[in-house]
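# Chains, contacts and geometry: an overview
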Amino acid sequence: MKSYGYYPGCSVKSSSKSYEKSLLLVMKSVGAKLKEIDDWNCCGATAYFGTDEKMAKAIASRNLSLAEQQKMDDLIIPCTGCYLTLKKSQEHLKEHKDDNIRAALDEAGLKGGDKVALRHPIDVLYNDFGVEQIKSLVKKPLKGWKIASYYGCQLVRPYSDVDHPYYPHILDDLMVSCGAEAVDYPYKTRCCGGALTGTVEDVGLRLVYILLAEMRNRGANCVVTMCPLCHFNLDVYQSKVIKKFGDEYEKSFSKKFEPLPILHFTQVIGLAMGYKYSELGIKEVMVEPKALLKAI
Amino acid sequence: MEFARTVKYEAELNKSFYKEVVESSGCDKVLECIQCGTCSSTCPVSLYMDYTPRKLMAMIKAGFEEDALKSKTVWICSSCYSCTVMCPSQIKITDVMYALKRMAIEKGYYPKSMPTPVLAKEMNNIISKRGRNSEMYVASMMVLKTNPFGMFKMAPVGLALFKKRRLHIGMEKIKNTKQIKKLLSGLKKREAK
């Protein structure tokens, strides 16, 4: 058993609970023990940086200090938005040993925070446990699953130490180890629209359309994501996208724009490991992969 | 027929605007822009912007303060960091966008129809007070404050989430809200000095 700290973030506690459910099961299977940070707070996301950058870094850094106070060496962060925000704040702490943020943190009893290693679950699964171990745990190989792995932006950019910022492969490798076929396409790290689907909807929906159309055209019958916001945009807005761009798609490619099942990557690994549909919260995604299930 | 001048006279520019930008966090290399346009071509949303990122960099250098801060560009940026990774001059363009956002809010220049600043403010408020964000609350406040009729447009998404048991209405709160208060007020005091 290897122990890890765990920073869930707000999304997996509200609209993406199934991501957390499946993550915890997969981590348990490989032998990773997760301990949630006691009293963690919201990372502030991208919004806080747009209004007050120092406050944003301070508020995010509180979590890093708490993690170290609670004796965590590695911190698993499933949301790539949180991942980037915490990473950016930690870079600041590393570079500024005596500025106002540091002083204010110390004053509030929040020492340290610059040492804890920040990790996305994909990094932990791939680098600490490895493709071979995942493969050895597969009970139901995903036969017939043609998976487009979607990485999104914040995990590989700008801190691209996990994978390549434009041509990543680790999620594809994990999917292959589960018995699925990896679909290659050029937009693996193209923006999903982020918060734009909520703020400037026309632009946001167009970005989601570009991704879904490309994945479809390359032959994918399923999509996996590694970020609750990417998942939300592709999954929840898919019906709106089809309504808006369905005709355009039909005209351009002379076929119907069929909806794709969009799953959290841990749900797919969990299925291959033999966990039940309901345990993994797959009922909570908008387009369920019912036809694909029959194949395994 | 009247002819309007669309280009500014030099006297109307703020020639020292770039200094303000350079001093912001992550913006120290902004003057090293070589106008290659890599940022604009790699940006997935540049085609929706009134000024592309490349143009914006030139405007900062030349002193087009008002135009830069009033532009919709910074609010359309989704901070995907593609430009930052690609820039041959290593300019952290995403951070420059963040700096311009903050300046636009500070100076009251942001376009009133853009919901993004409202969303940001609501989120900050709730996080400072409770330590946690509430997706539902923040999204509703944003729509109500910028375009109340937008609530009808939001309804189908809400309903779909509700059916899938993903609509989370509760408001979370951390135990030690006092610590966040102390942290933020302490930082504010130091920054004011």
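Going along each chain's sequence as written, the residues are numbered from 1 onward. As they are written, the chains are lettered A onward and the ligands numbered 1 onward, keeping that order. Owing to the predicted nature of the model, reporting of local features is limited to residues with pLDDT of at least 70; listing and counting of side-chain atom pairs is limited to 80 or more, with chain, interface and lining totals taken over all residues. Side-chain calculation: all heavy atoms of the structure are included, whereas hydrogens and water are not.

## Some thoughts on the overall build of chain A
Segments assigned H or I by DSSP are reported as helices when at least four residues long, segments assigned E as strands when at least two residues long, and all are numbered from the N terminus. Across its full length, chain A holds 13 helices and eight strands. For 296 residues, the compact-globule estimate of 2.2 N^0.38 gives 19 Å, and chain A sits close to it at 19 Å. With 296 residues in all, chain A has 64% of them scored as buried. For the accessible areas, the method is Shrake-Rupley and the probe is 1.4 Å, while residue cover comes only from the protein chains on display. For chain A, the computed accessible surface area is about 10,600 Å², with 50% contributed by carbon and sulfur atoms. Charge centroids of chain A, computed over 40 positive and 36 negative side chains, lie 6 Å from each other. Values of the radius of gyration come from C-alpha atoms, whereas the globule rule sets the reference at 2.2 Å times the count of residues to the power 0.38. Under the scheme applied here, a residue whose accessible area is under 20% of the maximum for its type counts as buried, over 50% as exposed, and between as partly exposed, the area being computed with a 1.4 Å probe on protein chains only. In this charge count, Lys and Arg are treated as positive and Asp and Glu as negative; neither His nor the chain ends contribute. To locate a charge, take atom NZ for lysine, CZ for arginine, CG for aspartate or CD for glutamate.

## Quick notes on helix H7 (residues 170–177) of chain A
All names here are of chain A. For H7, a buried count of six out of eight residues is recorded, marking the element as mostly surrounded by other parts of the structure. Those residues of H7 that fall on the buried side of the exposure criterion are Ile170, Leu171, Asp172, Leu174, Met175 and Ser177. Two residues form a contact once any of their heavy atoms are found within 4.5 Å. For H7, the elements touching its buried residues are helix H6 (121–137), strand E5 (146–149), strand E6 (181–182), strand E7 (222–225) and helix H12 (265–272). Two residues or fewer after H7 comes Gly179, characterised by a positive phi angle close to 95°.

## Thoughts on the domain arrangement of chain B
Along its sequence, chain B is organised into domain 1 (12–106) and domain 2 (115–192). The split of the chain into domains comes from an automatic or database domain assignment. For domain 1 of chain B and domain 2 of chain B, the distance between their C-alpha centres works out to 27 Å.

## Examining the interface of chain A and chain B
Across the boundary between the two partners, chain A contributes 66 residues, which contact 54 residues of chain B. Regarding the contact of chain A and chain B, the summed buried area is about 5,300 Å², with carbon and sulfur atoms giving 62% of it. Any carboxyl oxygen of Asp or Glu that lies within 4 Å of a side-chain nitrogen of Lys or Arg is treated as forming a salt bridge with it. Put simply, chain A and chain B have six salt bridges between them. In this structure, A:Glu107 engages B:Arg190 in a salt bridge whose closest nitrogen and oxygen atoms are separated by 2.6 Å. Here the quantity called buried area is the accessible surface, traced with a 1.4 Å probe, that two parts lose on coming together, added over both.

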